[in-house]
Every structure is written in structure tokens, then in C-alpha cells.
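As a plain string of letters, each chain reads:
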Amino acid sequence: MAPRRLLLVGEGNFSFAAALSETLDQNTRLTATCLQRPAELTRDPVARENLRYLRERGIDVRFGVDCTQLTDVFELHDREFNQIYFNFPHCGRKAGIAKNRELLAKFFQSCADVLAEEGEVHVALCRGQGGTPADKPQREWHNSWQVVAMAALGGLILSDVYPFSCKAVPGYKCTGYRSQDKSFHVEGALNHVFTRSLPFEVSQPRIFRIKVGNQWFSFPEPEALVGKLNRGFLEAPSCHPIKTINEKLIAELGKAFPLKRLKCSFPLLPQEDASVLPFWNCDFLSAAFWISLHEDNSNSESLTGGTSQDVEDFLVSFSELSLPKNPGRDGKEEACEGTYGQAKVCLRPSLLVHVQDVIEVPDFLSGSLHILSGPVFQKCHILPFTMPAFHETLFILGFNQNLKDGCLQSLLDHLKGILDSLLTQTLLESSKLSSLVEFVLQSNGKDYMIHVKTHNFRSDCTEDLIIGSVTTSATSVIHKDQCFVFVSMNLDLLAMLVWCISDWRMLWTFDNRFLKNFVPGKIEPFKSHSLYPPCYVHDISFWIDEKKGFDELEFHTVARAVSQDTVISIQFLSRFQHPETQQVSLCYRLTYQTCDKALTQQQVASMQSQFRKEIQQRLYVIPR
């Protein structure tokens, strides 16, 4: 086993190194460094004694080490530290906030070159300096060292923070306050633990190829959905919480109803089949992601100019996807093939579009709960609990019309009991709510929305979230004597509530640390590996053409695409009409923040600049 390596920088009198060395096992190697030269420490008897002790224990001690230039100190074969410690960094004398931020930024950037892949950077700061909500009291952001933003410059995220205790390291005496032999005020100090972030890269849409019959078609992943198609969260090998919560729901309902699980096809919906959507929700069509399938018989490598990993291939039978017809040259319809043909399809906005196909099969089993689960995609405004991609599970129950009321009530009672039981384990412990789930009757007098009461700790009030719906309005041509109930559940929202995941984007992270939170058979509150990520705010104003109108939904969709889902809020600020030209200008405020990656101010500025260009091209507005 390779030894665990620790690096201490900015040591003053080496008391921390001496104390820490006593706690190390034989498989740990410690390197202690300071900025001063040996001659500068000879006047300090404490430092002399600690240095003597460290040398006797064989500790590697180095002098004149600039923590912002660590690659100059350690050769390439001598890097890969598992932990790097910097206690109470300070530029010295009466250095201002800006200078100390700069020190932190350069230190974190330097750490990135010598830190092991799963290493940690520990930074102890005095009360309030970090600027995170962990500080009590918390300083205003502009008056703090903005430690999480500085760490982002080195590709690091804050993964843990806890009180700094000198008692935990007996013998440690922090010195160097304003370059003097004085201790820092450590009461209320915090230790910040940083880890590597996945790189924040500009993601290019993948190319998908699907085979319909004997014909291959290709299409690019919509920009607003990059990284969200074909993730396989519900597939057999997955241990994702979305699959876990779905399996729990199905297993519990299986105790009361016979089950029949149905296979979910690839989520493409032909334009002609989309005509069933207004029956369920007229907003679905306008919010759908429409794409064009292009005939493509080229090999995988040639589609994107990259390797085959850049391309996703799917075999789709005609029974799953029938391509729409295009008008032929003589006015007759022909299959969407050939050099001038395209297939217009949309990504499935809801599993409800498959309901009619399920209930029209001749062998549909009355009294059995038919289950369909899969991803769905909808354009939506950027809000805390709205998501462009999520996983839906659909329960379909058919029964004799004479038993309608009893069967419906039985299903609702069982579902309420299951949901209450799941949510009680986390939500009720602190919210003290007597009931979490409510079925709210809609204006048509027969359908329901499934509401969950949650406690908002910021505003100290109870809020309602809609996690699903109950619909009873469809009929079957084949099974005319039956009534049908369709229960649709948003699995992503349900998983967020059960595990206390505050940000839906975390469900889609590629960071492997996410799944390590979930222990089979146990439900415990989720702990994020990225704490208190910095926010960046930008305003944008532009002139609109009132004749053409302004599509706010598309405005949000473009923001989502350009920012790669880092815009968490879009706030309308004002509307201005020029007194002479009568032109109308709108002003919005965008807030950028990631949930799992390091994001810098420079990256956000670049995205904001690109956003200005995109809305000018796509929405026909004129940025001011």
C-alpha cells in the first residue's frame, strides 16, 4: 500500500507539525514547510525546539517554500499529496481583504498541481473570514475572503466545514498574527475541507443514432438536455436513488394489487402520435423538445468526428416508433426516407402519451396495476422544483364501472399510506406535520393532484409541492365496460423529498461521490459533497419587437442551455418603454450557481456574454 502523504504549508513555529506528527501511523509521511529561512526562526525558542523534535522523528522539513508556487518545490515524482494543510493564512502586517483573497486563490491553484486525485485541502480561517453560512455570524460576501470562490479558481469545492479546535491538536500554538509572535483569535474559527471538482467543461451535444426498421436516423441531443439522455437510472444495474424509490413504491403497491410491469420504449414520440397530448394537457406540446431525425447510414466514427463513444446507438422497432409521413412530389404521402425527407419527432413530455396504447391491448388485465417507468422531458421555467428532465412512473388500473368508487379510494388510500411512510423518515422528524400527503380534487370534480407538505426552514413556513396526479378520464374502445385510473408520479421530486436533496440537478451529477451517500436498505438525509457554492449575479436588458412577441419560456430554455444548467434563478426586474420611439425594453436578473462543480466568475462572465449573443439570434431581441 502506498503511504499516505500530508503536506503542511505556512507553518510558523512548527507546533502544529510537531503535534500532528504524534498522531500519525507508520503508513503516513509528513512534509512540513514554512516561508521563512532557517536563520529567521533561530530567534524563536519554540520553533527551535519543534524543529529539533521533528528532525528526530524523521519528518521532512523544508524552508523558503512559497505555498503559491508548490510545483517549484516538488518534483513531478514527489507530488500527489493526500492532504494539504494551511492554518490561518495571512499575507502579513495589515494586508487587506483583497490581498488575502489573492493569496488564497494562488494557493488553491498551486494545490491543484500537487494534490492527489481524491485528496483534501484543509484551510483554517478565523471567524467570519470564509464568508460561508457556516460562519456565525456570517459576514457580507464583499467583506469576506470568499473562500469558496477562491477555491473554485483551483478547481476545488468545499466538501466539509467544522469548528477548528486547538484542543484537538495538543501543543499547537498558532502564531503570525500581523507578522508578529501573536496568536490569531481562534474562537469561532472554522476548518474548511476542499476536494477536487469534476472539470467544468463546455459540453457538446452527443449524437444519437436510432434504427427504425432497416433505416438509420441520427439526431443531436438538445442543448438544454446535454447529459440527460440515456443515463439508465432505472435500469437493472443502477443503484441510483430514483430507481430505489421507484422499486419501493412498486413493491409496497404489490402487496395490495397484482402487478404487471411494462417495458418503456426509447423516449421519442412521432409528430402524428403527439396529437393525443392535448387530451391530457394542452401545455405539453408547446413545452416539448422537438427534433428532426436525419437519414444517416454513415458509421459511428464519422458522425461527430470523434470516437464511437461520442455516439449513442439504439434499435427501435416500428411498433415502438412509426415515422410520420411527408407529402410526396405528387401530393401523396410517402415514408420519411430519402435525401429530402425528415422525421419530425419530440422527446416524450409525459408517460401519459402511452396510456391509450396500454389500455387498448386485448389482453389488458382488469384489476391489475400496470406499471410504466421512464424519463420524460419538458421545457420549463427555471425554478427550484421544476426540471427539464425527470423520471416518471405511471400506474394504470382498470376495473368494472360498478366498482369505480371503491377501487379508486382503495388505490388512493394505499398510495397515501406508502408515501407518508417514506416521507416520515426524514421530513416529519423536524417539521412536526401530522400528515404529509394530500390528494387535492381538481375543478373537473374527478381528477386529483398529489400534494406534499414540506417545511421551508428559511422562511419557517409550510409549503406544498405537487409530485403527481390522478386521472380518471380515459375510455377504451375494446374494454368498454371498464373504468381506468392513471396515477403519474415524479420520481425525481419524490427522491429529493425522501433523502432531503435540496437541488434536483444533483440527481444528474456525474460525480461518483453522489451515489456513495445511499446505503442499501437505509434512508438517511443526503449530505452534499459540495457545500455553499458561490453565486454570481448578472443583469441583462434588451429591446423586444412587440409585434413578434417575446417567448419567456424559450428565454429560460436558452439560459439553461448556454449556462449548462448553472442558472438557478431568473428574476424579472422591470419593463421600460421609450417615451419617443415607444420601444419596449425588458430587464432580467440571472443568478448562476452550480451544485456539484467549481464555477468561477470568469466562466460565468463568458456564459453571460454567450447568452447575449444567443438570445439575439434565437429570440430576435436587441441587447442593450
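What counts and how
Residues numbered from 1 in each chain as written. Predicted model: local features only at pLDDT ≥ 70, side-chain atom pairs only at ≥ 80, totals over all residues. Heavy atoms only, no water. Helix = DSSP H or I, 4+ residues; strand = E, 2+ residues; numbered from the N terminus. Areas by Shrake-Rupley, 256 points an atom, 1.4 Å probe, with all protein chains shown as cover. Pairing = 2+ DSSP bridges. Axes fitted to C-alpha atoms, helices over the stretch in contact; angles between N-to-C directions. Contact = heavy atoms within 4.5 Å. 1 Å grid on protein atoms, 1.4 Å probe; cavity = no way out; pocket = protein on both sides within 12 Å on 5 of 7 lines; lining within 4 Å. Points joined across faces, edges and corners; volume = space filled by probe spheres on them. Nonpolar A, V, L, I, M, F, W, Y, C, P; charged D, E, K, R; others polar. Salt bridge = Lys/Arg side-chain N within 4 Å of Asp/Glu carboxyl O. Phe/Tyr/Trp six-rings, centres within 6.5 Å; stacked < 30°, edge-to-face > 60°. Buried < 20%, exposed > 50% of the residue type's maximum accessible area, 1.4 Å probe, protein only. Lys NZ or Arg CZ within 6 Å of the ring centre and 35° of its normal. Expected span 1.5 Å × (residues − 1). Arc of directions from axis to C-beta. Polar contact = N/O pair within 3.5 Å; in protein donor to acceptor, adjacent residues only side chain to side chain. Parallel < 35°, antiparallel > 145°, perpendicular 65-115°, else oblique. Left-handed = near helix turned anticlockwise from the far one by under 90°.

## What about the overall build of the protein?
Step number 1: When helices and strands are counted, the protein shows 15 helices and 26 strands.
Step number 2: If you sum the accessible surface of the protein, you get close to 30300 Å²; carbon and sulfur atoms cover 50% of it.

## A word on the sheet that holds strand S7 (residues 190–196)
Step number 1: Strand order in this open sheet of seven strands is S3-S2-S1-S4-S5-S7-S6, and the pairing throughout is mixed. With partners counted over all chains shown, the strands left at the sheet margins are strand S3 (60–62) and strand S6 (156–163), one partner each. The average angle at which neighbouring strand axes cross in this sheet is 20 degrees, direction not considered.
Step number 2: Across the sheet, helix H4 (residues 97–114) lies against strand S1 (4–9), strand S4 (81–87), strand S5 (115–125), S6 and S7, angled at about 155 degrees from S5, the strand it touches most.

## Quick word on empty space enclosed by the protein
Step number 1: Inspection of the entire model under this criterion finds four cavities of 30 Å³ or more.
Step number 2: When its volume is computed, the largest cavity comes out at roughly 70 Å³.
Step number 3: Mapped by element, the contributors of at least two residues to the lining of the largest cavity are helix H5 (147–152) and S6.
Step number 4: Looking at the lining of the largest cavity residue by residue, the class counts come to 13 nonpolar, two polar and one charged.

## Observations regarding the pattern of salt bridges
Step number 1: Summed over the entire model, instances satisfying the criterion amount to 22 salt bridges.
Step number 2: Put simply, aspartate 78 and arginine 62 hold a salt bridge, and the shortest N to O gap is 3.2 Å. Of this pair, aspartate 78 sits in the loop between S3 and S4 while arginine 62 sits in strand S3, placing them 16 residues apart in sequence.
Step number 3: Connected via shared salt-bridge partners are Arg5, Asp60, Arg62 and Asp78.

## Focus on the packing of aromatic side chains
Step number 1: Going through the model one piece at a time under the given rule, you end up with 26 aromatic pairs.
Step number 2: Summarising the aromatic geometry, the rings of phenylalanine 16 and tyrosine 172 are spaced 5.2 Å apart at their centres and angled 75 degrees between planes, so their arrangement reads as edge-to-face. Residue phenylalanine 16 is found in helix H1 (residues 15–21), and its partner tyrosine 172 is found in the loop between S6 and S7; the two are separated by 156 residues along the sequence. Like phenylalanine 16, the residue tyrosine 172 is buried in the burial classification.
Step number 3: Both rings, one in phenylalanine 364 and one in phenylalanine 484, keep their centres 5.5 Å apart while their planes meet at 65 degrees; by these two values the pair is edge-to-face. Taken together, the residues span a long stretch of sequence, with phenylalanine 364 in the loop between helix H10 (355–359) and strand S17 (369–377) and phenylalanine 484 in strand S22 (residues 482–490) at a distance of 120 residues. Phenylalanine 484 matches phenylalanine 364 in its accessibility class, with the two residues each being buried.
Step number 4: Pairwise contacts between aromatic rings join Phe542, Phe550, Phe555, Phe572, Tyr588 and Phe611 into one cluster.
Step number 5: Seen from the ring of phenylalanine 81, arginine 5 lies directly overhead, with NZ or CZ sitting 4.2 Å from the centre.

## Things to note about the sheet that holds strand S24 (residues 567–577)
Step number 1: Overall, antiparallel pairing links the four strands, which are arranged S24-S25-S23-S26 in an open sheet. A strand with exactly one partner marks an edge of an open sheet, and here the two such strands are S24 and strand S26 (622–623).
Step number 2: When S24 meets strand S25 (residues 584–592), the two strands line up antiparallel, connected through nine bridges. Note on S25: the bridge partner recorded for glutamine 577 is valine 584.
Step number 3: The sheet strands contacting helix H14 (residues 552–562) are strand S23 (536–544), S24 and S25, and the helix crosses S24 at an angle near 135 degrees.

## What to know about the layout of surface pockets
Step number 1: By volume, the second largest pocket is sized at about 1100 Å³.
Step number 2: Contributing elements (two or more residues each) for the lining of the second largest pocket: H14 and helix H15 (601–618).
Step number 3: Top contributing element to the lining of the second largest pocket by residue count: H15, with six residues.
Step number 4: Within the lining of the second largest pocket, the residues separate by chemical class into 16 nonpolar, 12 polar and 14 charged.

## Considerations on the side chain of threonine 68
Step number 1: Of note, threonine 68 is situated in the loop between S3 and S4.
Step number 2: Setting aside residues no more than four positions away along its own chain, threonine 68 makes contact with Leu103, Lys106, Phe107 and Ser110.

## Here's the deal with H15
Step number 1: When the terminal C-alpha atoms of H15 are compared, their 25 Å separation across 18 residues agrees well with the 26 Å that a helix rising 1.5 Å per residue should span.
Step number 2: Residues of H15 that are buried: Val604, Met607, Gln608, Phe611, Glu614 and Ile615. Taken around the axis of H15, the buried residues stretch over an arc of 125 degrees, which confines them to a single face. Exposed residues lying more than 90 degrees from the buried face of H15 are Gln602 and Gln617.
Step number 3: On its buried face, H15 sits against S23, H14 and S25.

## Comments concerning the environment of serine 563
Step number 1: Of note, serine 563 is situated in the loop between H14 and S24.
Step number 2: By relative accessible area, serine 563 is classed as buried at 1%.
Step number 3: Separated by 340 residues in the primary sequence, serine 563 and glutamate 223 have C-alpha atoms spaced 10.0 Å apart.
Step number 4: A polar side-chain atom of serine 563 sits 3.2 Å from the main-chain amide nitrogen of valine 567.

## Focus on the packing of H14 against H15
Step number 1: Two numbers describe how H14 lies on H15: the axes approach to 10 Å, and their chain directions differ by 140 degrees. Overall, the two elements H14 and H15 adopt an arrangement that is oblique. Judged by the sense of rotation from one axis to the other, the crossing of H14 with H15 is right-handed. For the pair H14 and H15, the contacting residues are Phe555, Val558, Ala559 and Val562 in the first and Met607, Gln610, Phe611, Glu614, Ile615 and Arg618 in the second.
Step number 2: The residue makeup of the contact of H14 with H15, split by class, is seven nonpolar, one polar and two charged.

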